[in-house]
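# Analysis of the macromolecular model
Below, each chain spelled out in residue letters.
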Amino acid sequence: DAEITQSPRHKITETGRQVTLACHQTWNHNNMFWYRQDLGHGLRLIHYSYGVHDTNKGEVSDGYSVSRSNTEDLPLTLESAASSQTSVYFCASSETRGPYEQYFGPGTRLTVT
Amino acid sequence: AQSVSQHNHHVILSEAASLELGCNYSYGGTVNLFWYVQYPGQHLQLLLKYFSGDPLVKGIKGFEAEFIKSKFSFNLRKPSVQWSDTAEYFCAVGSGNTPLVFGKGTRLSVIA
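Let us look at the structure shown here. Since this is a predicted model, take the numbers as computed values, not measurements.

### Topic: the overall build of chain B
- The helix and strand tally for chain B stands at zero helices and 12 strands.
- For 112 residues, the compact-globule formula gives about 13 Å, and the C-alpha radius of gyration of chain B, at 13 Å, lands near that figure.
- Here chain B displays about 5,300 Å² of accessible surface, and carbon together with sulfur accounts for 54% of that area.
- Counting 9 positive and 7 negative side-chain charges, chain B places the averaged centre of each group 5 Å from the other.

Dropping the structure here:
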């Protein structure tokens, strides 16, 4: 069955370190998304991609970057981790035609100390 | 820009009670609407979706939602909740091939 996997599932890092969260999907979807989930804020869009070599900023993109070198993967990099980036991160993918429902990965819980 | 408002932050119901969770969105064009559920410690799963056609949409586990265009609403309903429905519920709106915009979620607690 097609799926989205994320790794690591849990990560503890120190302030100032660079961190990369992996996202891999086998749906063969062109669209991929990164969200962060925080209490009281729901899901907020960080970055998204409509295909290889395409990336776009979302609502809360400061301090994060992505790159898309193939269809299956969209890694999320925190350039210099900050305590405000402690959160649960979800990757999602969708088709480029309706109804555009998004399929989510299991999430990565990141703690920045 | 699109936005989604979920008015109930936390709802507590007894088993067998009826459920209605409110969702309103702001966008004047054609929309696609979704309800997702997140069980404790898990990822988001699709409950149901509206893309076109019949505004009354039926989803999994006995959930349904009604799209009322004039009210910009897409409320989620279930006639009789079970303890296993305890979860967080998210409404989301999209338009064409754009990222979904999510509401802040409603936590549902079902007690025996």
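### Concerning the packing of aromatic side chains
- Inspection of the entire model under this criterion finds 16 aromatic pairs over all chains.
- Arranged with centres 5.4 Å apart and planes meeting at 85°, the rings of A:Tyr35 and B:Phe102 form a pair that is edge-to-face. Taken together, the positions of A:Tyr35 in strand E4 (residues 31-38) and B:Phe102 in strand E11 (residues 101-102) put the pair across two chains. Neither A:Tyr35 nor B:Phe102 differs from the other in exposure class; each is buried.
- Their ring planes at 75° and their centres at 5.9 Å tell us that A:Phe104 and B:Phe102 sit as a pair that is edge-to-face.

### Here's the deal with the sheet that holds strand E3 (residues 19-25) of chain A
Residues and elements named next belong to chain A.
- With antiparallel pairing, the four strands of this open sheet are ordered in space as E1-E3-E8-E7. Either end of the sheet is taken by a strand with one partner, and the two such strands are strand E1 (4-7) and strand E7 (64-66). Within this sheet the neighbouring strands show an average axis-to-axis angle of 20°, counted without direction.
- For E3 and strand E8 (residues 76-78), the ladder comprises three bridges, and the chain directions are antiparallel. The residue bridging Val19 from the neighbouring strand is Leu78, located in E8.

### Observations regarding the nonpolar core
- Membership of the largest hydrophobic core comes to 28 residues, with the highest contact counts inside it found for B:Leu33, B:Trp35, B:Leu47, B:Leu48, B:Phe74, B:Leu76 and B:Tyr89.
- Counting residues per element, the ones that place at least two in this core are strand E2 (10-14), strand E3 (19-21), strand E5 (32-38), strand E6 (45-50), strand E8 (64-68), strand E9 (73-78), strand E10 (87-94) and strand E12 (106-111) of chain B.
- A per-element tally of this core places E10(B) first, with four residues.
- Contacts of B:Leu33, omitting those with residues within four sequence positions, involve B:Tyr25, B:Leu48, B:Lys49, B:Tyr50, B:Phe67, B:Phe74, B:Ala92 and B:Val93.
- Counting residues in hydrophobic clusters, the runner-up holds 18 residues, among them A:Ile4, A:Met32, A:Val60 and A:Cys91.

### Side note on unusual backbone geometry
- The residue after A:Ser7, namely A:Pro8, is reached through a cis peptide bond having omega -10°.
- Within the secondary structure, A:Pro8 is located in the loop between E1 and strand E2 (10-13).
- Despite not being glycine, A:His53 has its phi angle at roughly 70°, a positive value.
- Within the fold, A:His53 resides in the loop between strand E5 (42-51) and strand E6 (54-57).
- Since its relative accessible area comes to 68%, A:His53 is described here as exposed.
- The phi dihedral of B:Lys61 falls on the positive side, at around 60°, and the residue is not glycine.
- With respect to the element layout, B:Lys61 can be found in the loop between strand E7 (56-58) and E8.

### Quick look at the pattern of salt bridges
- Under the criterion given, the structure shown has eight salt bridges over all chains.
- With a closest N to O distance of 2.3 Å, B:Lys49 and A:Glu101 form a salt bridge. Of this pair, B:Lys49 sits in strand E6 while A:Glu101 sits in the loop between strand E9 (87-94) and strand E10 (103-104), on two different chains.
- Taken together, the salt bridges that share partners define one network made up of B:Lys58, B:Glu64, B:Glu66 and B:Arg77.

### Observations regarding the pairing of E3(A)
Residues and elements named next belong to chain A.
- Taking every second residue as pointing to the same face, the buried face of E3 carries Val19, Leu21, Cys23 and Gln25, while none of Thr20, Ala22 and His24 on the other face is buried.
- As defined by bridge partners, E1 adjoins E3 across four bridges and the pair is classed as antiparallel. Across the sheet, residue Ser7 finds its bridge partner in E3, namely Ala22.

### Brief notes about the environment of A:Arg9
All names here are of chain A.
- For Arg9, the position within the fold is in the loop between E1 and E2.
- Along the sequence, Arg9 and Tyr103 sit 94 residues apart, while their C-alpha atoms lie 17 Å from each other.
- Residue contacts for Arg9: discarding those within four places in its chain leaves Pro106, Gly107, Thr108 and Arg109.
- Only 3.4 Å separates the side chain of Arg9 from the backbone oxygen of Pro106, close enough to count as a polar contact.

Thresholds applied
- Residues numbered from 1 in each chain as written.
- Chains lettered and ligands numbered in written order.
- Predicted model: local features only at pLDDT ≥ 70, side-chain atom pairs only at ≥ 80, totals over all residues.
- Heavy atoms only, no water.
- Helix = DSSP H or I, 4+ residues; strand = E, 2+ residues; numbered from the N terminus.
- Rg over C-alpha atoms; globule rule 2.2 N^0.38 Å.
- Areas by Shrake-Rupley, 256 points an atom, 1.4 Å probe, with all protein chains shown as cover.
- Lys, Arg positive; Asp, Glu negative; His and termini not counted.
- Charge placed at Lys NZ, Arg CZ, Asp CG, Glu CD.
- Phe/Tyr/Trp six-rings, centres within 6.5 Å; stacked < 30°, edge-to-face > 60°.
- Buried < 20%, exposed > 50% of the residue type's maximum accessible area, 1.4 Å probe, protein only.
- Pairing = 2+ DSSP bridges.
- Axes fitted to C-alpha atoms, helices over the stretch in contact; angles between N-to-C directions.
- Core = buried A, V, L, I, M, F, W, Y, C linked by side-chain atoms within 4.5 Å.
- Contact = heavy atoms within 4.5 Å.
- Salt bridge = Lys/Arg side-chain N within 4 Å of Asp/Glu carboxyl O.
- Polar contact = N/O pair within 3.5 Å; in protein donor to acceptor, adjacent residues only side chain to side chain.

Purely geometric numbers; function is a separate question.
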